[in-house]
Amino acid sequence: MPTVTVCVGQAGTQLGANLFATLHSSKCNVDEHFRTSSQDGLSIPRSLLIDTEPKVILKALEHNNALNTKNYKFLPANCVAQPPTSSSHIAKSGAGNNFAMGYSHHAPLLLPGITSGPLRSEIEHCDSLSSINIVHSAGGGTGSGCGTKLTECVKDIYGGKTEILNVVVLPFNTGEVIVQDYNVLLTLGKLTVASDCVITLENETLMNNCKRLYNLPNPQTSHLNSFASEMLTGVFAGSTNSPTPSKFTPQQTLRSTITSLVPTPQYKFPTLKHIPMVAPGSREFEPVVAWATLLKTMGGMQKLGRMFEGGGGAGAYGTNQSIVRNFSCANVMFCRGGSHSPYTINSKDVENVVVESSVVNWNSGSSNQAFTTCYAPVCPQTQLKKDDEKKSITLLTNNQEILPVLDRYQTRALAKFDSGAYLHRYEMHGIERGDFEESFRQVEQVMMDYQQMQL
């Protein structure tokens, strides 16, 4: 089933362009993310790139062209760089790292033409829409404000007809924007209502693990995007629910993944994990690892609450000392590769990951519906000597590891809010104290729900 991805803001556009390059260069079945042009026969990503500054989209496309093998191209009509009112200074200056400016000023100018134009056109090219995915940041202004408002608009128009997935890039802990905690709080608070599933990626975690696993002393934005794209490809690329698929075996779509992953509406913040993470220059020398080893490693990551093997870094998903045991309510695991000896996966090794996931009693059941295992014959990593022998595991686990992330941004935003710091920058663009208070309540409720998950 096809899916449409909308990339909003600088971080969202850069990550989205890199994600489609990774999807296309992999040997996985990615038909749901591309369609064929009737004019030149090239593949067209089912995607929109949206920002308030044209230079960001142009740079993202330049980087994409450098990675592209000329087998696909983004439609120019799907690249929206600024609102139609070019005489407005707001249309030329970006959102100023202010959620309110993106949400209240840019979004009303941009979104009506997008939802009734290119977004509707892409959806009409889908015979049966699986999901609408929105990739954006939460620390700046365009990604947080416009991305959140777009999610609300999509829910108003298509809610109940398809699933809405948000991939949200969270900022570095320090050194980016002084009001980033406000932007994150408002974004997550509103997405709690508007989105069906929210996957968070922290720049801090990506940076630390890029240094450690890719052996890069000073990773650039392109490295972080490549790192995140490989993880997301493990979820976005096609798979099945059977280790021995036939032409009658149903595909595991993003819609079915979200449905399995979010058993009840209050739990919609899963954690993304992926192994192995190998530097591109080292992949051809990487030894072939047995499924038992990979599954044991993933089980250990689940037990210790880590995003990556060997440690989670200083950002989110590091070892969580405040929770003795991370309970989960749903999990979807993707096992990819090993096509020379297809799917020789021991059920006992999978059961080890299930046990370490600590599934809550109320969603375990006799059929173990809280843990879904999906399969695909090809690993998404490229440039490998023995492509058909390489393996990877991607796990989306809806567990309590999101708690320290939410608590950190909630605490820091509340400290600023109590002192009244920078509130005038939001009030002048239509975001009042009541909006902050509502977001605080929403995030606090999510934290309470996750804390009481095992009850």
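In what follows, the structure referred to is the one given above.
This structure is a prediction, so every number in the text was calculated from the model and none was measured.

1. As for the environment of E53
For step 1, the next point in the chain: The residue E53 is located in the loop between β4 (47–50) and α2 (54–67) in this model.
For step 2, the next point in the chain: Along the chain, E53 and V80 lie 27 residues apart, while their C-alpha atoms are 9.2 Å from each other.

2. A short note on the sheet that holds strand β5 (residues 79–80)
For step 1, the next point in the chain: The strand order β5-β4-β1-β6-β7-β8 describes an open sheet built from 6 strands, whose pairing is parallel. On the outer flanks of this sheet lie β5 and β8 (197–202), each paired with one strand and no other.
For step 2, the next point in the chain: Pairing geometry for strand β7 (residues 163–170) and β8, over 6 bridges, is parallel. Directly across from V167, in β8, lies its bridge partner I199.
For step 3, the next point in the chain: Strand contacts of helix α9 (residues 221–236): β1 (4–8), β6 (131–137), β7 and β8, with the helix running at about 165° to β7, the strand carrying the most contacts.

3. Thoughts on the sheet that holds strand β11 (residues 371–376)
For step 1, the next point in the chain: Spatially, 4 strands are ordered β9-β12-β10-β11 in an open sheet, and the strand pairing comes out mixed. Strands with a single pairing partner mark the edges of an open sheet, and in this sheet they are β9 (271–275) and β11. Across this sheet, the average inter-strand angle for adjacent strands is 15°, counted without regard to direction.
For step 2, the next point in the chain: The sheet contact formed by β9 and strand β12 (residues 391–399) spans 5 bridges and is antiparallel. The residue bridging T271 from the neighbouring strand is T397, located in β12.

4. Side note on unusual backbone geometry
For step 1, the next point in the chain: Cis geometry is found at the peptide bond from I275 to P276, where omega equals -10°.
For step 2, the next point in the chain: Positionally, P276 belongs in the loop between β9 and α11 (291–304).
For step 3, the next point in the chain: Phi is positive for N215, which is not a glycine, with a value near 55°.
For step 4, the next point in the chain: By the element assignment, N215 lies in the loop between α8 (203–213) and α9.
For step 5, the next point in the chain: For S358, which is not glycine, the phi dihedral falls at a positive 50°.
For step 6, the next point in the chain: Assignment of secondary structure puts S358 in the loop between α12 (347–356) and β11.

The rules behind the values
Residues numbered from 1 in each chain as written. Predicted model: local features only at pLDDT ≥ 70, side-chain atom pairs only at ≥ 80, totals over all residues. Heavy atoms only, no water. Helix = DSSP H or I, 4+ residues; strand = E, 2+ residues; numbered from the N terminus. Pairing = 2+ DSSP bridges. Contact = heavy atoms within 4.5 Å. Axes fitted to C-alpha atoms, helices over the stretch in contact; angles between N-to-C directions.

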